[in-house]
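# Results of the structural survey
Here are the chains, one letter per residue:
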Amino acid sequence: MPELTRRSLLASLGISAVGAALGVPLLAGARGSSSTGALLRSQLRLPDPFQRALPRPPELDPVRSDGATDYFEITQKESVAELLPGVRTAIWGYNGIFPGPTLVSRRGRRAVVNHRNTLPVPVVVHLHGGRTPPEHDGYPTDLLLPVGGAATNGHHVGSHNVTVGERDYHYPMEQRAATLWYHDHRMDFTAPAVWRGLAGFHLIRDDEEDRLPLPRGDREIPLLIADRSFAADGSLRYPSIDSSLTGAPGVNDPYRGGVLGDVMLVNGVAWPRAEVDGARYRLRLLNGCNARRLRLKLDPAPKDGSGLTQIGSDLGLLERPIRHEAIELASAERYDVIVDFGQYDPGTDVTLVNDFGAGRTVDVMRFRVGGSARDDSRVPDTLSQVPILQRADATVTRDLVFRSEEIEGMTGWTINGEPFSPDHIHARPRLGQTERWRLASDFHHPIHVHLAPFQVLSRGTGGPSAWDHGWKDTVDIRPFEHVEILIRFEGYAGKYVFHCHNLEHEDMMMMGNFETLA
Amino acid sequence: MSPDPQTARAVRPARWFHLPFRLLSSLVAVLYALQAVFAGQIMAGTFGSLLVHQNTAAFTDMVLVVTILAAVLQRWPGRGPLWPVAAVPALLGLSALQNYLGFSRLMTFHVPLGVLIIVLSFLLARRAWLLPGAGQATPSAEREVSGVA
Ligand SMILES: [Cu+2]
């Protein structure tokens, strides 16, 4: 008997050995995937990195202003941009540029933005992070048809809020200073439209932020980081089922999980470089990728280790700065960080790298540190007052499961088993109330809620992660992760969407409605 | 005529000192199998299952610690084999590794190791029940035990 058990122990060890042998192939992908999606390779020779200077998207002057309102005008049009050095790429741009012009508003001053659509397709403009009345929020079927009223085929025009040629979007801007961005939000076709260039910054400033001694002027730089892929002829490559973007929506396999580009653009230039003083800089980081998650850090790290001091989240200042060695951003998330280049010796090349990347997507951009310069800025220990929402504040709890499911024979992305329909309302929150939403996911799903800011209450069985602090509008949920958020519904009554900001998932139905009640 | 004292000592403890090891190793196998159920619930989006999964992991580790004591008992004074005294701590080691992988969200290892642990825990329980002990106690040993009690 003891002989037998010894043999069986050996057999168990043998099984362990087989298990180990099976594990070896897994080692390559030990950490799993950092993004949900498939890599779409460029078909032309990619340039060496850090050749071209980092551009700053131009600020758009209002065409006029009155006591309470700034009026802006934007024309959405086809144009040509030099995203790769020496390569002409056709884009769709707000005023023909990518990123679009940066709009700047002050808290409490209404912004009215007139959009004129000269593109060959309908568009919808959403101000991401904006506390906006529903008719101006860019509901996915509130189409702005092209000038001249072109094709509407392929669309369910179930909305009365459809206009032709041009329209005004009204933004009350009754919200704190924050890094907002505007981008296309048309039902079924958001991903390819943003891929072609329809995205830009809209910053809100306020007195509270102005009083802080933060870096400003040339030392405040918004960075829209976006991965893209290029075809052999220099055009943007994207696996649309219908590339006219008027017929069947969605992308071909294997890109249903998300489209990952192999070129990192920052403010519309591939792997740019920037000359910086040896001083503090404020970088407003935006993950403008359709599906790619980023883990950004500085290489080399500054002498004291933590290179990125976070001062703000999606929706404005944190209560206190948080120092990070690296920051993880899912699509649409913003991190407002201070980097002190004075910590480096003059002449140092500091690369902003993406730990989640591989090959060419590791490098993002490079800073060349100049001599030390006069720097009056600093990062105060207290930045703002941010009330912490409590579990007990929530009057309603809702469960939402985001996952892949078969819909009519096709693989789609659903919320609680439902593909997006403008008629299906998932939640009817009352204005003035706080709700607890429990979010679960199968893959990476960055979940964005329109109108209502939220705070992360828990992640898994623990509290918020180091990157979850402050007011947010988008939360990064990883595979089989459960996240609780506390949402404060305030502002306007009406129907809004919440959705996955992996734009391929969004186009393939991972969107739902909530209707706020007065 | 009383039984030979040597024989009595050899047989008498076997029954009682093997039973805890058998029951506890079976409990461990059941708990690990339950963990697969909770893992499935997490994947299905059932809220709260992650906490149950985590708490069950902690409870299973506590049971394993007690099982180590039981493994020692079945050897000394139970005169059972020595291997459980090594096997149960080894399983606890794998379990600790499994907890680390779970907390670190290293699912590419967590899931296959979970499968392996379930297989090993069932083998352990099966071997525990195949050990000499119960049912082999002699009537004289029974009397001896009652006599002592
Ligand atoms: Cu998603």
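Below is a short write-up of the structure. (Residues numbered from 1 in each chain as written. Chains lettered and ligands numbered in written order. Predicted model: local features only at pLDDT ≥ 70, side-chain atom pairs only at ≥ 80, totals over all residues. Heavy atoms only, no water.)

## So, the state of the cysteines
Residue and element names in this part refer to chain A.
- What the rule picks out here adds up to zero disulfides over all chains.
- Of the cysteine sulfurs around cysteine 289, a residue in no disulfide, the closest is that of cysteine 500, at 14 Å.
- Relative accessible area serves as the criterion here: at 0%, cysteine 500 is assigned to the buried category. (Disulfide = S-S within 2.5 Å. Buried < 20%, exposed > 50% of the residue type's maximum accessible area, 1.4 Å probe, protein only.)

## Describing the environment of aspartate 423 of chain A
- Examined against the element boundaries, aspartate 423 of chain A turns out to sit in the loop between strand 27 (410-415) and strand 28 (425-427).
- A C-alpha to C-alpha distance of 26 Å links aspartate 423 of chain A and isoleucine 477 of chain A, two positions 54 residues apart in sequence. (Helix = DSSP H or I, 4+ residues; strand = E, 2+ residues; numbered from the N terminus.)

## Some details on the coordination of the copper ion
All names here are of chain A.
- Within the protein, His445 (ND1), Cys500 (SG) and His505 (ND1) serve as the donor atoms for the copper ion, at 1.9 to 2.0 Å.
- Donor residues for the copper ion, ordered by position in the chain, follow H-x54-C-x4-H. In this pair, histidine 445 sits in strand 30 (residues 445-449) while histidine 505 sits in helix 4 (residues 503-507), placing the two residues 60 residues apart along the sequence. The same class applies to histidine 445 as to histidine 505, namely buried. (Donors = N, O, S within 2.8 Å, 3.2 Å for Na, K, Ca; no water.)

## What about the pairing of strand 34 (residues 494-500) of chain A?
Residues and elements named next belong to chain A.
- Summarising burial for strand 34: six of the seven residues are buried, a large majority.
- Sheet analysis places strand 34 next to strand 35 (residues 511-516), joined by six bridges and oriented antiparallel. Opposite phenylalanine 498, over in strand 35, you have glycine 512 as the bridge partner. (Pairing = 2+ DSSP bridges.)

## As for the interface of chain A and chain B
- Contact residues are listed per partner, giving 29 residues for chain A and 20 residues for chain B.
- The largest share of the area that chain A buries against chain B comes from Thr461, Phe480 and His482 of chain A, three residues that together contribute 27% of it.
- Linking chain A with chain B are one salt bridge.
- Measuring nitrogen to oxygen at the nearest pair gives 3.9 Å for the salt bridge that ties arginine 105 of chain B to glutamate 481 of chain A.
- Our count for the contact surface shared by chain A and chain B stands at five residue pairs in polar contact (both at pLDDT 80 or more).
- Sorting the residues of the side of chain A that touches chain B by element identifies helix 1 (2-27), strand 26 (394-407) and strand 29 (434-441) of chain A as the ones contributing at least two each.
- Tallying contributions element by element places helix 1 of chain A first for the side of chain A that touches chain B, with 10 residues.
- Residue composition of the side of chain A that touches chain B, grouped by class: 13 nonpolar, 10 polar and six charged. (Contact = heavy atoms within 4.5 Å. Buried area = accessible area lost by both parts, 1.4 Å probe. Salt bridge = Lys/Arg side-chain N within 4 Å of Asp/Glu carboxyl O. Polar contact = N/O pair within 3.5 Å; in protein donor to acceptor, adjacent residues only side chain to side chain. Nonpolar A, V, L, I, M, F, W, Y, C, P; charged D, E, K, R; others polar.)

## What to know about empty space enclosed by the protein
Residues and elements named next belong to chain A.
- Evaluated as defined, the whole model comprises four cavities of 30 Å³ or more.
- Its volume calculated, the largest cavity comes out at about 60 Å³.
- Contributing to the lining of the largest cavity are 15 residues, with Asp188, Pro192, Ser240, Pro249 and Gly250 lying nearest its centre.
- Per-class residue counts for the lining of the largest cavity are nine nonpolar, two polar and four charged.
- Size it by volume and the second largest cavity reaches roughly 40 Å³.
- What lines the second largest cavity is simply Ile74, Leu103, Val113, His115, Val125, Leu127, Tyr171, Tyr182 and His202.
- Those elements that place two or more of their residues in the lining of the second largest cavity are strand 6 (110-117) and strand 7 (125-128).
- Grouping the amino acids of the lining of the second largest cavity by side-chain chemistry returns seven nonpolar, two polar and no charged. (1 Å grid on protein atoms, 1.4 Å probe; cavity = no way out; pocket = protein on both sides within 12 Å on 5 of 7 lines; lining within 4 Å. Points joined across faces, edges and corners; volume = space filled by probe spheres on them.)

## What about the sheet that holds strand 34 of chain A?
Residue and element names in this part refer to chain A.
- Judged by pairing direction, the sheet is mixed, and its five strands sit side by side in the order 28-35-34-30-32 without closing on themselves. This sheet does not close on itself; its edge strands, each paired only once, are strand 28 and strand 32 (474-477). With strand direction ignored, the average angle separating the axes of adjacent strands in the sheet is 35°.
- Across four bridges, the pairing between strand 30 and strand 32 is antiparallel. Residue pairing across strands places proline 446 opposite aspartate 476, the latter belonging to strand 32. (Axes fitted to C-alpha atoms, helices over the stretch in contact; angles between N-to-C directions.)

## So, the sheet that holds strand 26 of chain A
All names here are of chain A.
- With mixed pairing, five strands are arranged side by side in an open sheet as 27-26-29-33-31. Of all the strands in the sheet, just strand 27 and strand 31 (454-459) have a single pairing partner and so form its edges. Each adjacent strand pair in this sheet contributes to an overall mean axis angle of 20°, direction not counted.
- Taken together, the five bridges between strand 31 and strand 33 (residues 482-488) define a ladder with antiparallel strand orientation.

## Digging into the pattern of salt bridges
Residues and elements named next belong to chain A.
- All chains considered together, the criterion is met by 41 salt bridges over all chains.
- Across the pair arginine 109 and aspartate 70 runs a salt bridge whose closest N-O atoms are separated by 2.8 Å. Here the residue arginine 109 occupies a position in the loop between strand 5 (100-106) and strand 6, and aspartate 70 occupies one in strand 3 (residues 69-81), the gap between them amounting to 39 residues.
- In the salt-bridge network here, residues are joined through shared partners; they are Arg205, Glu209, Glu220, Arg282, Arg284 and Asp336.

## Structural notes on helix 2 (residues 49-75) of chain B
- With 27 residues, helix 2 of chain B extends 38 Å between its outermost C-alpha atoms, agreeing within 8% with the 39 Å of an ideal straight helix rising 1.5 Å per residue.
- Regarding helix 2 of chain B, the residues found buried are Ser49, His53, Thr56, Ala57, Thr60, Asp61, Val63, Leu64, Thr67, Ala70, Ala71 and Gln74 of chain B. (Expected span 1.5 Å × (residues − 1).)

## Digging into unusual backbone geometry
- Across the junction of phenylalanine 98 of chain A and proline 99 of chain A, the peptide omega takes the value -10°, indicating a cis bond.
- Its place among the elements puts proline 99 of chain A in the loop between strand 4 (89-94) and strand 5.
- Of note, the bond from aspartate 299 of chain A into proline 300 of chain A is cis; its omega dihedral lies within 30 degrees of zero at 0°.
- Considering the arrangement of structural elements, one finds proline 300 of chain A in the loop between strand 19 (294-299) and strand 20 (308-313).
- Positive phi is not limited to glycine here, since leucine 245 of chain A has a value of about 60°.
- Within the element layout of this structure, leucine 245 of chain A appears in the loop between strand 13 (220-228) and strand 14 (259-260).
- Since its relative accessible area comes to 1%, leucine 245 of chain A is described here as buried.
- Unusually for a residue other than glycine, arginine 105 of chain B sits at a positive phi of about 55°.
- Topologically, arginine 105 of chain B is positioned in the loop between helix 3 (83-103) and helix 4 (107-130).

## Considering the packing of aromatic side chains
All names here are of chain A.
- One pass over the full model with this rule turns up 13 aromatic pairs over all chains.
- Between tryptophan 437 and phenylalanine 489 the ring centres are 6.0 Å apart and the planes differ by 45°, which places this aromatic pair in the tilted class. Residue tryptophan 437 is found in strand 29, and its partner phenylalanine 489 is found in the loop between strand 33 and strand 34; the two are separated by 52 residues along the sequence.
- Residue tryptophan 437 is classed as buried on the basis of its relative accessible area of 1%.
- When the ring of phenylalanine 489 is compared with that of phenylalanine 514, the centres are 5.4 Å apart and the planes differ by 65°; the resulting orientation is edge-to-face. Residue phenylalanine 489 is located in the loop between strand 33 and strand 34, and its partner phenylalanine 514 is located in strand 35; the two are separated by 25 residues in the primary sequence. (Phe/Tyr/Trp six-rings, centres within 6.5 Å; stacked < 30°, edge-to-face > 60°.)

## Some details on the packing of helix 3 of chain B against helix 4 of chain B
Residue and element names in this part refer to chain B.
- Between helix 3 and helix 4, whose axes approach to 10 Å, the crossing angle comes to 160°. Taken together, helix 3 and helix 4 sit at an angle that is classed as roughly antiparallel. With respect to the hand of their crossing, helix 3 and helix 4 are arranged in left-handed fashion. Every residue of helix 4 that contacts helix 3 at Trp83, Ala87, Val88, Leu91, Leu94, Ser95, Leu97, Gln98, Leu101 and Gly102 is listed here: Met107, Phe109, His110, Leu113, Gly114, Ile117, Leu120, Ser121, Leu124 and Arg127.
- When grouped by side-chain class, the residues that make up the contact of helix 3 with helix 4 number 13 nonpolar, six polar and one charged. (Parallel < 35°, antiparallel > 145°, perpendicular 65-115°, else oblique. Left-handed = near helix turned anticlockwise from the far one by under 90°.)

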